[in-house]
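Residue-level listing of the chains:
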Amino acid sequence: MTLPHQSQQSPQSHESHQAQPPLRSDGKLPEDHRHMIRRRWITAVIIVLLVGIPAGYLVVSAGQSRDSGRDKERESSAAGLQTNPPSWMKRRVFEVPVPWGAWDVAYYETSNWKTSRLYVQFTTDAYGLDFFLFNAGTSRSQLTPGRITIGDRDSEIVGWTFHEGTTWSGTTVKREEPRPTTDITVDLTDPAFPRVYAVSTTSP
């Protein structure tokens, strides 16, 4: 028996042909809208982290530094004048050359994030005064009679009182930054044994 003729078609003719998006120049398919949004969101998060974390760290560090400076200043204030000479390191940093053989020596230091101050007092002889002034960068001829160079704020901090009727002389030694500036006031009521008060200020 002869079977009726059946047309044979290629299987591919029954498959639906889906349109494929064109390839990019690098051979990869272009990303769809969803992937593009996700990629941009991840990029934005990374940028925020890279910029925000260091900035936040700097803000926190600055706050801690200020708090630490205030704590140190409060601790110094509570301690008051120390009835002994400042260390050689402090003398060198603040450029306050306490002469050898001076007596009734006392010092006091304050420090915060902006400025540091060293308060020093001592009694010496005429030679010791000349030694101190010379090594501080000044001389006896630069002392102005009747001048008190240490202000009320600094005087109150350490309890110094500059009474009237005392033979005061003073000068200020200004140095090129970052070296300190030193206010010097001397009691010359007894010229043989002058009493020196100095406040040296530096910005760290």
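Just so it is clear, the model here is predicted, and its values are computed rather than measured. (Residues numbered from 1 in each chain as written. Predicted model: local features only at pLDDT ≥ 70, side-chain atom pairs only at ≥ 80, totals over all residues. Heavy atoms only, no water.)

How would you summarise the pairing of strand 4 (residues 168-173) if you had to cite specific residues and measurements?
With 5 of 6 residues buried, strand 4 lies mostly within the body of the structure. Pairing of strand 3 (residues 144-145) with strand 4, which is carried by 2 bridges, proceeds in the antiparallel orientation. Along strand 4, the bridge assignment pairs proline 145 with serine 169. Taken together, the 6 bridges between strand 4 and strand 5 (residues 181-187) define a ladder with antiparallel strand orientation. In the sheet register, threonine 172 faces strand 5, and the bridge partner there is aspartate 183. (Buried < 20%, exposed > 50% of the residue type's maximum accessible area, 1.4 Å probe, protein only. Helix = DSSP H or I, 4+ residues; strand = E, 2+ residues; numbered from the N terminus. Pairing = 2+ DSSP bridges.)

Please set out a nonpolar patch on the surface residue by residue, giving values where relevant.
A grouping of Trp41, Ile42, Val45, Ile46, Leu49 and Leu50 is seen on the molecular surface, where their side chains present a nonpolar patch of about 590 Å² in accessible area. Turning to its location among the elements, isoleucine 46 is positioned in helix 1 (residues 33-79). On the basis of relative accessible area, isoleucine 46 is assigned to the partly exposed category, the value being 43%. (Patch = residues over 30% accessible without salt bridge, like charges linked within 9 Å, V, L, I, M, F, W, Y side chains within 5 Å. Areas by Shrake-Rupley, 256 points an atom, 1.4 Å probe, with all protein chains shown as cover. Salt bridge = Lys/Arg side-chain N within 4 Å of Asp/Glu carboxyl O.)

So what's going on with the pattern of salt bridges? Residues and values would help.
Side-chain pairs of opposite charge can arise whenever the charged atoms involved come near each other. Under the criterion given, the structure shown has 6 salt bridges. Between glutamate 95 and arginine 175 there is a salt bridge, with its nearest N and O atoms 3.1 Å apart. Residue glutamate 95 is found in the loop between helix 2 (88-94) and strand 1 (103-111), and its partner arginine 175 is found in the loop between strand 4 and strand 5; the two are separated by 80 residues along the sequence. This pair shows no difference in class: glutamate 95 is buried, exactly as arginine 175 is. In this structure, aspartate 154 engages arginine 153 in a salt bridge whose closest nitrogen and oxygen atoms are separated by 3.4 Å.

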